[in-house]
Structure formats: structure tokens, C-alpha cells
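# Breakdown of the fold
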Amino acid sequence: MVGAVRGNVNRTDLGKALRELRVASGKQAKAVARSAAMSPSKLSKIENGSLPPSVLDVERVLEALDVPAEIKGDLTEAARRVATEATAWRIYRRTGLYKHQREIQAIEARTTLLRVFQPSCIPGLLQTPEYIRGVQRSSELTNDALEKMIGARLRRQEILYARARKFSFLIFEPVLRWQLIPKPMMAAQLDKLIAMSRMPNVKIDIVPLSAPAPAPPTSSFVLFDSRLAIIEIPHAEITTGEIRDIELYEDKFDTFGRVALSGDNMRNLVASIRDDFLREQEID
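Residues numbered from 1 in each chain as written. Predicted model: local features only at pLDDT ≥ 70, side-chain atom pairs only at ≥ 80, totals over all residues. Heavy atoms only, no water.

With that settled, the discussion passes to the pattern of salt bridges. A side chain of one charge can pair with a side chain of the opposite charge when the charged atoms of the two come close. Considering all chains together, one arrives at 19 salt bridges under this definition. Between Arg227 and Asp225 there is a salt bridge, with the nearest N and O atoms lying 3.0 Å from each other. Assigned by exposure class, Arg227 and Asp225 land together as buried. Counted as one network, the salt bridges with shared partners bring together Lys42, Asp57, Arg60 and Glu103. (Salt bridge = Lys/Arg side-chain N within 4 Å of Asp/Glu carboxyl O. Buried < 20%, exposed > 50% of the residue type's maximum accessible area, 1.4 Å probe, protein only.)

Take a look at the structure:
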């Protein structure tokens, strides 16, 4: 079955191939599931073909199994060929947004270069707890679910201190001005952006309103090296491992990056917006 992934393959075939590899490895399903940041029941459903695995699932399981590079490459490529998929946000809310945060964290842990294109809000890896609450205000999460989600997102942010990894954030100026939370909290959020931009492995660029727009910014997306893209739209999250799709998003990231402010110019803009929030708070 593992050899079949070089030809036509569907997601059920992938599940069977993953099971063969796990059995051959001698590893228990519970141990593999734990390392792959999923429940044993989910792994079982993937292996028996009742739950089609996503690209994220395949990558995490292969990493947990520590398979040879050739087999890993074949299965990952097979996953990418059938991988464009959309998962509705309501499903993530029902199963637990904090669980999805853990899934993303597992992918981030195996990413050398992470690029975030964000015309809608402050990127999750840079959000303060107060800002997270503001973003999730309309999500109808229970207090317990919200606190779990906030905790999981804050734990994800620890990866920013892994100096061997690089992070590039492209944020649009209106995002900095939209008051999702009270003004003093917005000022604190912008202070965090300034502080994080001084880290040697973190690059934060701002696309200013004054810049000529090379194209409509459209949706937010994240690039994990050049192997995976996750795109956010209002009702769902789209995942693709298709190379041509990823190249499209890389080109969009680079195109807007050429008109963005960086370094001290970026920090000066963010600081001026922060100061506006503080002055307005004094007047209020």
C-alpha cells in the first residue's frame, strides 16, 4: 500500500498507508496519536478509512512515526495532491477551538519560515490576551471554551523565541486602527508589536494606507515554509498543499511586501497610532 502512493491515491489509501507504517514501526496507536497532537479515536478513524486525513494529519503522523525521508516525501506529496479542503469555523467551535490551536502549534513546530499575511486583524502569534477576547467576542464561545482557546494561543506564541526559526508578518495599517478593544488595550497591543519587531528572528512589516495598492488584499493566509498554506475566509479555513496554490500566495505576499514599511519606519508608524489611542483616551 505504501508504494501505491506514487500513483493515483485517495485519502482512504493514505489512512491505510499510515496504519501500515505504524504497525511496521511497532509503536502503539496511543503513543503515535499523542505525538501527533490528536486523539487515539481520530487516529483510529484515519487508519480504518472512516475519516479522511488532512495534510496536517498526515504530516503530524509521519513526524510521530519518524519514517525514512523517501517514504515521508511520497506520502506528503500524495497528501498535497488531494489536499485542498475547507473546514467550517462552526466545526472547530463545536470540537474546541483550543484543540485546533494545538494542531496549528504542531505544524508551526516543524516550520522553519512562517509567513503571515493579515489584512483583517493582528496575527494570532502577536495578539495580547485582551485582543484575543476582542476578536472572539462574536464567536459565541462559552467562558470555559474561550479561556482554553486563549491559553492555547498564548502557548503557541512561545515558538517566537526559537531563534532557529524565522517569522515574517505582513499587516495592513487599518488593522492597527480598528478599535476591537478599549483604547488603552489597543495601545498595549501595538506596544507588543513594536517590542516583538525587535527580535532578531521576527520581521513585522506594515502595508501603509498611503502605499499604492498592487492588488486587492483579499483574505488572510499563513504560509508554512513552501509546503502548506492555510487561508481564512469568513465561514471556513481552507488548507492546501498544492504547489501551484502555494506559489500564488507566495507571490501575493512578496508583492505587498515590496510596498510595506519595515524596521524603524514601521515602528514609527505603529508608535504614532498607539499615541493617537492614548491621546483619545485622555480626551474621553
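In terms of nonpolar packing, the biggest core is built from 58 residues, with Leu126, Phe169, Ile171, Leu176 and Ile204 touching the most fellow members. When residues in this core are grouped by element, the largest group, seven residues, is from helix H4 (residues 55-65). Once residues lying within four places of it in the same chain are set aside, the contact partners of Leu176 are Ile122, Ile171, Met186, Leu190, Leu193, Ile206, Val270, Ile273 and Phe277. Counting residues in each nonpolar core, the second largest holds 13 residues, with Phe117, Leu170, Phe221 and Leu223 among its members. (Core = buried A, V, L, I, M, F, W, Y, C linked by side-chain atoms within 4.5 Å. Helix = DSSP H or I, 4+ residues; strand = E, 2+ residues; numbered from the N terminus. Contact = heavy atoms within 4.5 Å.)

So, about the sheet that holds strand E7 (residues 236-240). Strand order in this open sheet of seven strands is E1-E7-E6-E5-E2-E3-E4, and the pairing throughout is mixed. Pairing within the sheet leaves two strands with one partner each, and these edge strands are strand E1 (85-88) and strand E4 (202-207). Mean inter-strand twist for the sheet, computed between neighbouring axes without regard to direction, equals 15°. Bridging between strand E2 (residues 113-118) and strand E3 (residues 166-172) involves six bridges; their strand directions are parallel. Residue Val116 lies in a different strand from E3, and its bridge partner there is Phe169. (Pairing = 2+ DSSP bridges. Axes fitted to C-alpha atoms, helices over the stretch in contact; angles between N-to-C directions.)

With a phi angle near 55°, Ala37 is a residue other than glycine that sits in the positive phi range. Note on Ala37: relative accessible area 30%, which makes it partly exposed. In the Ramachandran plot, Thr218 falls in the positive-phi region, its phi being about 55° despite a non-glycine side chain. Mapping Thr218 onto the fold places it in the loop between E4 and strand E5 (220-224). Thr218 gets classed as exposed once you look at its relative accessible area, which sits at 56%.

Here we take up the confidence of the model for the chain. Here the chain averages 89 in pLDDT, while 94% of its residues score no lower than 70. Note on residues 1-8: pLDDT is under 50 here. Beyond four places in sequence and across chains, it has 17 contacts. (pLDDT = per-residue confidence, 0-100.)

What follows is about the side chain of Asp57. By secondary structure assignment, the location of Asp57 is in helix H4. At a separation of 3.1 Å, a polar atom in the side chain of Asp57 contacts the side chain of Lys42. Asp57 has contacts with Met38, Lys42, Ile46 and Pro52, leaving out every residue within four places of it along the chain. (Polar contact = N/O pair within 3.5 Å; in protein donor to acceptor, adjacent residues only side chain to side chain.)

Turning our eyes to something else, we now look at helix H13 (residues 263-283). Between the first and last C-alpha of H13 there are 31 Å, a value that for 21 residues agrees with the 30 Å anticipated at 1.5 Å per step. Taken together, the buried positions of H13 are occupied by Met266, Arg267, Leu269, Val270, Ala271, Ile273, Arg274 and Phe277. The secondary structure elements touched by the buried residues of H13 are helix H10 (173-177), helix H11 (183-196) and E4. (Expected span 1.5 Å × (residues − 1).)

Okay, the packing of aromatic side chains next. Under the counting rule described, the total for this entry stands at six aromatic pairs. Measuring from centroid to centroid gives 4.6 Å for Phe117 and Phe221, while their planes differ by 10°, and the two rings are stacked. You can see Phe117 sitting in strand E2 and its partner Phe221 sitting in strand E5, a full 104 residues away along the chain. For the pair shown, Phe117 and Phe221 are each scored as buried. One aromatic cluster is present, formed by Phe117, Phe172, Phe221, Tyr249 and Phe256 through successive ring pairs. (Phe/Tyr/Trp six-rings, centres within 6.5 Å; stacked < 30°, edge-to-face > 60°.)

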